Amino acid sequence: MMTDLPPLALYVHVPWCVRKCPYCDFNSHGVGRDAELPEVDYLAALLADLEADLPLAAGRTLGSIFIGGGTPSLMSAAFYRDLLAGVAARLPMARDIEITLEANPGTLERGRFHGYREAGINRLSLGVQSFRGAQLQALGRIHSGDDAITAVAEARDAGFDNLNLDLMHGLPDQTPALALEDLERALELAPEHLSWYQLTLEPNTEFHSRPPRLPEEEVLWDIQDLGHERLEAAGLRRYEISAYASPEHRSRHNLNYWRFGDYLGIGAGAHGKLSAAGEPGRALAIERRWKVRQPNSYLRRRHDPRGFVAGHSRVEESELPLEFAMNALRLVDGVSMATWEGATGLPASRLEARLREARNKGLLVEDVDRLQASPQGLLFLNELLALIGTE
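Not measured: the values here are computed from a predicted model. (Residues numbered from 1 in each chain as written. Predicted model: local features only at pLDDT ≥ 70, side-chain atom pairs only at ≥ 80, totals over all residues. Heavy atoms only, no water.)

Some thoughts on the overall build of the chain
Condition: Helix numbers and strand numbers start at the N terminus; a helix is a DSSP run of H or I with at least 4 residues, a strand a run of E with at least 2. In this setup the radius of gyration rests on C-alpha atoms only. A globule is expected at 2.2 Å times the number of residues raised to 0.38. Each residue is assigned to one of three classes by its accessible area relative to the maximum for its type, calculated with a 1.4 Å probe on protein chains only: buried under 20%, partly exposed between the two thresholds, exposed over 50%.
When you go through the chain residue by residue, the secondary structure sums to 15 helices and 16 strands. Relative to its length of 391 residues, the chain is compact, with a C-alpha radius of gyration of 21 Å against a globular reference of 21 Å. The principal-axis extent of the C-alpha atoms belonging to the chain is close to 55 × 55 × 40 Å. For the chain, the proportion of its 391 residues judged to be buried stands at 53%.

So this is what it looks like as structure tokens:
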């Protein structure tokens, strides 16, 4: 049984956006177009937050950094230059570290891409969602389709050669033809990575309390099938339920999540997962922790002896099969059982009976050395996870 610690990543949360989108359930807070953000104070808080977490990452190297939000591109290039310098002074980074910034293609952030690239960011994720004005308006987005096209051009001009576009489908009143039209416009921009995911109505969102008129189930299936076929034909291979990329441009940061790697989380409402070697012959000790959610409260915690942590919990050994499977089974190719053992510290035999039942139902591929959902299993992932997570 392997007990090595998994790879380590860093997630940085920037909680502010211009306007809260009606479908968004992330920890984001609309501040309007002209708000002056507390960059200096937030930078100091982030680095103090990281400093407090350093004992959890002693002797480990960061393989990736992901800066999400909110709208991280509301912050200046100087903010990220100083942030990344502060991180590098506290933790070793892999020589080929992947550093991703989420950006809104609206006009507010234009002209900053050169500065972001010079600060050390080498992967950009643009929240396009759609190129059609009516659907962007329905989603509460502040940009137009032309803004998205211009943002891609400016990102390329700034030297970004690893670009992701976020695109939604199953939008209000969307037909298969309109969904494919969005995909064609995205493909014309030649992104190295495309996150193509269905709009869902999440609790505690405006859309959940006042649902828009969404396509019927049969239409959603048509959109999914036709879109998948078109993306594969364009050379973007599906490697996760909602992620398509050329093989060399898969998101390393997200792969670390899906393979049950570790990550520090800093910033308002950020979550982290850290492993520690357990007793000989036992599973790794895994802790999840989360930070104070409200931005103003988070900023005040810098001078509070309680620190930034709002709560933490240990992942019990009995919970590990489900915890691992919830991530790994999203990957189209799954993971090896050796990866299961290395990430959880548990022997593969722990899952044997559950996997046999799942294979008998046609939800897993017939390969005893891999944990991999079948095409049917990807469609009925919740059913598969219920089998994996039940003793």
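Structure's up, so let's keep going.
Quick word on the pairing of strand β11 (residues 262-266)
The cut-off we apply is this: Strand pairing is assigned whenever DSSP identifies at least 2 bridges connecting the two strands.
With five of its five residues buried, β11 lies for the most part within the structure. In β11, alternate side chains face the same way, and those of D262, L264 and I266 on one face and Y263 and G265 on the other are all buried. Bridge analysis of strand β1 (residues 8-14) against β11 gives five bridges, and the strand direction is parallel. In the strand pairing of β11, A9 is matched with Y263.

A look at helix α12 (residues 337-344)
In plain terms, the rule: It only takes one pair of heavy atoms within 4.5 Å for two residues to be counted as in contact.
Those residues of α12 lying buried are M337, W340, G342, A343 and T344. Looking at the buried positions of α12, the neighbouring elements they touch are β13 (285-291), α11 (320-328), β15 (335-336), α13 (352-360) and β16 (370-371).

Describing the pattern of salt bridges
To keep things clear, this is the line we draw: One speaks of a salt bridge when a side-chain nitrogen belonging to Lys or Arg is within 4 Å of a carboxyl oxygen belonging to Asp or Glu.
This model, assessed by the stated rule, comprises 20 salt bridges. Note that R289 and D53 form a salt bridge whose closest N and O atoms lie 3.0 Å from each other. Of the two residues, R289 sits in strand β13 while D53 sits in helix α1 (residues 39-53), which places them 236 residues apart along the sequence. For R289, a relative accessible area of 16% translates into the label buried. Of the charged contacts, one joins R289 and E287 as a salt bridge, the two residues approaching to 3.2 Å between their closest N and O atoms. Each of the salt bridges in this network shares a partner with another, and the network as a whole consists of D49, D53, E287, R289 and K291.

Looking at the packing of aromatic side chains
Selection rule: Between the rings of Phe, Tyr and Trp (Trp by its six-membered ring), a pair exists once the centres lie within 6.5 Å; its type follows the angle of the planes, with under 30 degrees stacked, over 60 edge-to-face, and the other angles tilted. Ring-over charges, as used throughout, are those where CZ of Arg or NZ of Lys falls within 6 Å of the ring centre and within 35 degrees of the ring normal.
Going through the model one piece at a time under the given rule, you end up with 11 aromatic pairs. Pairing Y80 with Y116 gives two aromatic rings, centres 5.8 Å apart and planes at 75°, and the pair type is edge-to-face. Within this pair, whereas Y80 is found in helix α2 (residues 77-90), its partner Y116 is found in helix α3 (residues 113-119), the two being separated by 36 residues in sequence. In this pair, the class of Y80 matches that of Y116, namely buried. Measuring from centroid to centroid gives 4.8 Å for Y298 and F308, while their planes differ by 40°, and the two rings are tilted. Note that Y298 is positioned in helix α10 (residues 295-300) and F308 in the loop between α10 and β14 (309-315), a separation of 10 residues in sequence. Using a relative accessible area of 6% as the deciding quantity, one classes F308 as buried. Aromatic rings pair up to connect W16, Y42, Y298 and F308 into one cluster. Cation over ring: K273 sits above F260, and NZ or CZ is 4.0 Å from the ring centre.

Some words on the side chain of H249
Tracing the backbone through its elements, the reader meets H249 in the loop between β10 (243-245) and α9 (252-258). Among all residues touching H249, those that are not within four sequence positions of it are D161, N162, E192 and H193.

Details of unusual backbone geometry
The phi angle of most residues is negative, glycine excepted, and most peptide bonds adopt the trans form. Going from G69 to G70, the amide bond is cis rather than trans, its omega being 20°. For D173, which is not glycine, the phi dihedral falls at a positive 65°. In this structure, D173 sits in the loop between β7 (163-169) and α6 (176-188). We note that A190 has phi near 55°; this positive angle belongs to a residue other than glycine. In this structure, A190 sits in the loop between α6 and β8 (193-198).

A word on the environment of A151
With respect to the helices, strands and loops of the structure, A151 is situated in helix α5 (residues 145-157). For A151, a relative accessible area of 1% corresponds to the buried category. Setting aside residues no more than four positions away along its own chain, A151 makes contact with P105, F113 and L126.

Remarks on the side chain of D49
Our working rule: Any pair of N or O atoms that falls within 3.5 Å is considered a polar contact. Within protein, one atom must be able to donate a hydrogen and the other to accept it, and sequence-neighbouring residues count only if both atoms are side-chain atoms.
Note on placement: D49 falls in helix α1. Note on D49: relative accessible area 1%, which makes it buried. Engagement of the side chain of D49 in a polar contact is seen with the backbone nitrogen of G267, the distance being 3.1 Å. Beyond its immediate stretch of four places on either side in the chain, D49 contacts G265, I266, G267, K291, Y298 and F308.

Section: the nonpolar core
Basically, it comes down to this: Nonpolar cores are built from buried Ala, Val, Leu, Ile, Met, Phe, Trp, Tyr and Cys residues. Side-chain atoms within 4.5 Å join them into one set.
I65, Y80 and L126 are the most contacted members of the largest nonpolar core, which has 68 residues in total. When sequence neighbours within four positions are dropped, the list of residues in contact with L126 reads A103, F113, A151, V152, L163, N164, L165 and D166. Grouped together as the second largest cluster of nonpolar side chains are 36 residues, A243, A325, A328 and L331 included.

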